[in-house]
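# Geometric and topological summary
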Amino acid sequence: MLRTRRCLLQAAAIWTAVHALPAARKEFWESKEPAAWSSEEKQVLLGQSPWAREGTVRFDVEKQHATAAGSYEGVARPGANVPGANPNARPGATPSVPIGERPPPAPTTDTGQNVRFSVLARWETALPVRLAGGPAMPEGTAQFYVLRLQGLPLLPPRKGKNGESLPDPNEGILEAIKQGSRLERKGNAAISCAHLLTGSGESATEVLLFFARGKDPIVVGDKEVTLESRFGPFHLSIKFPLKDMLYKGVLAL
């Protein structure tokens, strides 16, 4: 009888504790229609959500002498056949599109330590991002996953004495980013970056990375996709749990 009484008391305590817990909070994009999203909620979705995550770019100070950031000698310049490329750009230059928001401040370095700074990676083609007011995409992007990187270690564009444009100081590093970026899934082939577009004006430190959806697209069963980007001494890695990237029950990428 004592054992039965103890079991009943334990069961009652567990039931009380479980039902005393607050209900799991639903995110606003799950509980509200897009027309009801506030400006603040839209900014949360665009900057801190399953579709917009921050990662840390790192490089070792010891490698600075071996590979100078931004120079990348021996790296080929980007090609010109990129969706949305500016037809008036000079031959061989990396095409650019206006991407939108002001980039974060340029990173600072601490002598004697590994340099680290934050980069925001956002799935520009994800439906919730589009509904929240993400910048317009170039035409012909339906066949791609498009990720925007904001806050990369890029130099601002230079102007000559009379305002004329000078060669892009970032051409080498941009090509290195394109060649070294891919989406990785466990048990599946990685998806390499097919195209890269740069930002312009105040968005000069932003890029758009295009990854072909192809015949083997990302599915919820992949569980997680990781953006891996290596360029010179730099390395960026950001994980995206796919179960969190559902919108109205459908994977939104």
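Residues numbered from 1 in each chain as written. Predicted model: local features only at pLDDT ≥ 70, side-chain atom pairs only at ≥ 80, totals over all residues. Heavy atoms only, no water.

### Some points on helix α3 (residues 39-47)
E41, L45 and L46 are the residues of α3 that are buried. Buried residues of α3, viewed axially, fall in a sector of 135°; they line one side. Exposed and oriented more than 90 degrees from the buried face of α3 are S39 and E40. On its buried side, α3 packs onto α2 (28-31), β1 (52-59), β2 (115-123) and α4 (127-131). (Buried < 20%, exposed > 50% of the residue type's maximum accessible area, 1.4 Å probe, protein only. Helix = DSSP H or I, 4+ residues; strand = E, 2+ residues; numbered from the N terminus. Arc of directions from axis to C-beta. Contact = heavy atoms within 4.5 Å.)

### As for the pattern of salt bridges
In the structure shown here, the tally under the stated rule is 11 salt bridges. E184 is the partner of R182 in a salt bridge, and the nearest nitrogen-oxygen pair spans 2.7 Å. Residue classification places R182 among the partly exposed positions, given a relative accessible area of 39%. Three or more residues are tied together by salt bridges with common partners; here these are R53, K243 and D244. (Salt bridge = Lys/Arg side-chain N within 4 Å of Asp/Glu carboxyl O.)

### Focus: the nonpolar core
Taken as a class, soluble globular proteins show a tendency for nonpolar side chains to be buried jointly. If you look at the biggest cluster of nonpolar residues, it comprises 45 residues, and the most contacted ones within it are W123, L183 and L227. With five residues, β2 is the largest single contributor of residues to this core. Discounting residues that sit within four places of it in the chain, L183 has contacts with W123, Y145, L147, A190, I191, F211, I218, V225, T226 and L227. Listed in part, the five residues of the second largest apolar core include F144, V146, L208 and F210. (Core = buried A, V, L, I, M, F, W, Y, C linked by side-chain atoms within 4.5 Å.)

### Let's talk about the pairing of strand β3 (residues 144-150)
Extensive coverage of β3 is indicated by the burial of seven of its seven residues. Burial along β3 is two-sided: F144, V146, R148 and Q150 facing one way and Y145, L147 and L149 facing the other are all buried. Examined bridge by bridge, β2 and β3 share four bridges and lie antiparallel to one another. Residue pairing for β3: A121 is matched across the bridge by L149. (Pairing = 2+ DSSP bridges.)

### Some thoughts on the packing of aromatic side chains
Scanning all chains against the criterion turns up eight aromatic pairs. Each ring, one from W123 and one from F240, has its centre 5.5 Å from the other, and the planes form 90°; the classification is edge-to-face. In this pair, W123 sits in strand β2 while F240 sits in strand β8 (residues 234-241), placing the two residues 117 residues apart along the sequence. Relative to F234, the ring of F231 has its centre 5.2 Å away and its plane inclined at 15°; by these criteria the two rings are stacked. Residue F231 is classed as buried on the basis of its relative accessible area, which comes to 1%. Here the aromatic residues F28, W29, W37 and W51 are joined through ring pairs into a cluster of three or more. (Phe/Tyr/Trp six-rings, centres within 6.5 Å; stacked < 30°, edge-to-face > 60°.)

### A look at the pairing of β2
With seven of nine residues buried, β2 lies mostly within the body of the structure. Sheet topology note: the β1/β2 ladder contains eight bridges and is antiparallel. Across the sheet, residue F59 finds its bridge partner in β2, namely V115.

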